[in-house]
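Observations on chain architecture
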Amino acid sequence: DQQVKQNSPSLSVQEGRISILNCDYTNSMFDYFLWYKKYPAEGPTFLISISSIKDKNEDGRFTVFLNKSAKHLSLHIVPSQPGDSAVYFCAALPYGNNRLAFGKGNQVVVIP
Amino acid sequence: EPEVTQTPSHQVTQMGQEVILRCVPISNHLYFYWYRQILGQKVEFLVSFYNNEISEKSEIFDDQFSVERPDGSNFTLKIRSTKLEDSAMYFCASSDGTVNTGELFFGEGSRLTVL
């Protein structure tokens, strides 16, 4: 099942710089796209989402961009902080059901 | 802040044994879910539950699995006869369902190890 794909499993970035995470999808019938963040020994925590009818959503340091023609979304974190070090999951919700499809996750390490 | 709680945090069992994983969703939430993550793999949807019945289930959720909301606060996942490949982290989640945007509140997970 490759509906949601995250490449580049890990990313290291200096504190204060931008972190960019990428996600590709194959299903045109996704309604919402989300990013979840996960610390070790905790469950995923919702971070930010975007509706399929939008191309950008911003919440503080986090911005998600959606390019529907390319079936691609990205998460920008700026400025990155050490507390942002976590695994980030891209997820997508199809129209008409509530089964989230997750990517494999990207490990982000923010170096102080 | 309200949270989803899960017990046990870790369970080790022998193949063929029954396992029950327990969850207490956020109290005013109406939709409940189980997901699992096998080590090194994606988080996978298992089942969603609303109004005391299963609303959706994945191909993974076969006859060996069942869910129940026995007392209005707990939400349980039962695996009748565990297999080695059931070893995974199982996450319970809930949502208030007012708008279906995929925003779920997850518990910390229950790690199941089948020997």
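Each chain carries its own residue numbering, running from 1 in the direction its sequence is written. A letter from A marks each chain and a number from 1 marks each ligand, given out in the order of writing. Whole-chain, interface and lining totals are the exception, using all residues; otherwise, since this is a predicted model, local features are given only for residues with pLDDT of at least 70 and side-chain atom pairs are given and counted only at 80 or more. Here the side-chain values reflect all heavy atoms present in the structure, with hydrogen atoms and water set aside.

A word on the overall build of chain B
- Tallying secondary structure elements over chain B gives 0 helices and 11 strands in all.
- Helical segments are the DSSP runs of H or I of at least four residues, strand segments are the runs of E of at least two, and each set is numbered from the N terminus. The linear arrangement of helices and strands in chain B, starting from the amino end, is β-β-β-β-β-β-β-β-β-β-β.
- Counting only C-alpha atoms, chain B reaches 40 × 25 × 25 Å along its principal axes.
- Classification of the 115 residues of chain B by burial places 45% in the buried group.
- Carbon and sulfur atoms make up 46% of the accessible area of chain B, which amounts to about 5,900 Å² in all. Exposure is judged per residue with a 1.4 Å probe applied to protein chains only, and the accessible area is read against the type maximum: over 50% gives exposed, under 20% gives buried, and values in between give partly exposed. The Shrake-Rupley method, run with a 1.4 Å probe, gives the accessible areas here. Residue values count only the displayed protein chains as cover.

Structural notes on the nonpolar core
- Nonpolar cores were defined as sets of buried Ala, Val, Leu, Ile, Met, Phe, Trp, Tyr and Cys residues, with membership established by side-chain atoms within 4.5 Å. One finds Phe-33, Trp-35, Leu-73, Leu-75 and Tyr-88 of chain A to be the most contacted residues of the largest nonpolar core, which totals 24 residues.
- When contributions to this core are tallied by element, the ones reaching two or more residues are β3 (19-25), β4 (30-38), β5 (45-51), β7 (62-67), β8 (72-77), β9 (86-94) and β11 (106-111) of chain A.
- Ranked by residues supplied to this core, first place goes to β9 of chain A with 4 residues.
- Core analysis: the next-biggest nonpolar cluster, separate from the first, contains 22 residues, Cys-23, Ile-26, Val-67 and Ile-79 of chain B among them.

Things to note about the state of the cysteines
Residues and elements named next belong to chain A.
- Only a pair of cysteine sulfur atoms within 2.5 Å qualifies as a disulfide here. For the structure on display, the rule yields 2 disulfides over all chains.
- Residue Cys-23 pairs covalently with Cys-90 via a disulfide, S to S 2.0 Å. Residues Cys-23 and Cys-90 are joined through a disulfide that is left-handed, its torsion about the S-S bond being -75°. Here Cys-23, found in strand β3, pairs with Cys-90, found in strand β9; they are 67 residues apart in sequence, far enough to count as distant.
- Taking relative accessible area as the criterion, Cys-23 reaches 0% and is therefore assigned buried.
- Judged by its relative accessible area of 1%, Cys-90 is buried.

Some details on the interface of chain B and chain A
- Note on definitions: a residue-residue contact is assigned when non-hydrogen atoms from the two residues lie within 4.5 Å. On the side of chain A, 22 residues touch chain B, which itself brings 24 residues to the contact.
- Of the roughly 1,900 Å² buried where chain B meets chain A, counting both sides, 53% is carbon and sulfur surface.
- Reported buried area values correspond to the accessible surface (1.4 Å probe) lost by two parts on association, with both partners' losses combined. The largest share of the area that chain B buries against chain A comes from Lys-42, Glu-56 and Thr-101 of chain B, three residues that together contribute 29% of it.
- Salt bridge, as used here: a side-chain nitrogen of Lys or Arg that lies within 4 Å of a carboxyl oxygen of Asp or Glu. Seen at the junction of chain B and chain A, the total is 2 salt bridges.
- Here Arg-99 of chain A and Glu-59 of chain B are joined by a salt bridge, their closest N and O atoms 3.7 Å apart.

A short note on unusual backbone geometry
- Of note, the bond from Val-78 of chain A into Pro-79 of chain A is cis; its omega dihedral lies within 30 degrees of zero at -10°.
- Here Pro-79 of chain A lies in the loop between β8 and β9.
- Omega for the peptide link from Thr-7 of chain B to Pro-8 of chain B comes to -10°, which places this bond in the cis form.
- Secondary-structure assignment places Pro-8 of chain B in the loop between β1 (5-7) and β2 (10-13).
- One non-glycine residue, Asn-51 of chain B, lies in the positive phi region at around 55°.

With respect to the sheet that holds strand β6 (residues 56-59) of chain A
Residues and elements named next belong to chain A.
- Whether two strands pair comes down to DSSP finding at least two bridges between them. Read from one edge to the other, the open sheet built from 5 strands follows the order β1-β3-β8-β7-β6, with strand pairing classed as antiparallel. Edge positions in the sheet fall to β1 (4-5) and β6, since each has one partner strand and no second.
- In this structure, β7 lies alongside β8, joined through 6 bridges in antiparallel fashion. Opposite Phe-65, over in β8, you have Ser-74 as the bridge partner.

A closer look at a nonpolar patch on the surface
- A patch consists of residues exposed above 30% relative accessible area that lack any salt bridge, with like charges linked at up to 9 Å and nonpolar side chains (Val, Leu, Ile, Met, Phe, Trp, Tyr) linked at up to 5 Å. Together, Ile-18, Ile-20 and Val-78 of chain A line one region of the surface with nonpolar side chains, adding up to about 230 Å² of accessible area.
- The class of Ile-18 of chain A is partly exposed, set by a relative accessible area of 42%.

Describing the packing of aromatic side chains
- For Phe, Tyr and Trp, rings pair up if their centres lie within 6.5 Å, where Trp contributes its six-membered ring, and each pair is then called stacked (planes under 30 degrees apart), edge-to-face (over 60) or tilted (otherwise). Taken as a whole and assessed by the stated rule, the structure comprises 18 aromatic pairs over all chains.
- With centroids separated by 6.0 Å and ring planes inclined at 70°, the aromatic side chains of Tyr-25 of chain A and Phe-30 of chain A adopt a geometry described as edge-to-face. Residue Tyr-25 of chain A shares its accessibility class with Phe-30 of chain A, and that shared class is buried.
- Ring geometry for Phe-102 of chain A against Phe-106 of chain B: centres 6.3 Å apart, planes inclined by 75°, an arrangement best described as edge-to-face. With Phe-102 of chain A in strand β10 (residues 101-102) and Phe-106 of chain B in strand β10 (residues 105-106), the pair connects residues from two separate chains. Here Phe-102 of chain A matches Phe-106 of chain B in class, with each residue buried.
- Taken together, the aromatic side chains of Tyr-36, Phe-46, Phe-89 and Phe-102 of chain A together with Tyr-33, Tyr-35, Phe-45, Phe-91 and Phe-106 of chain B make up a single cluster linked through ring pairs.

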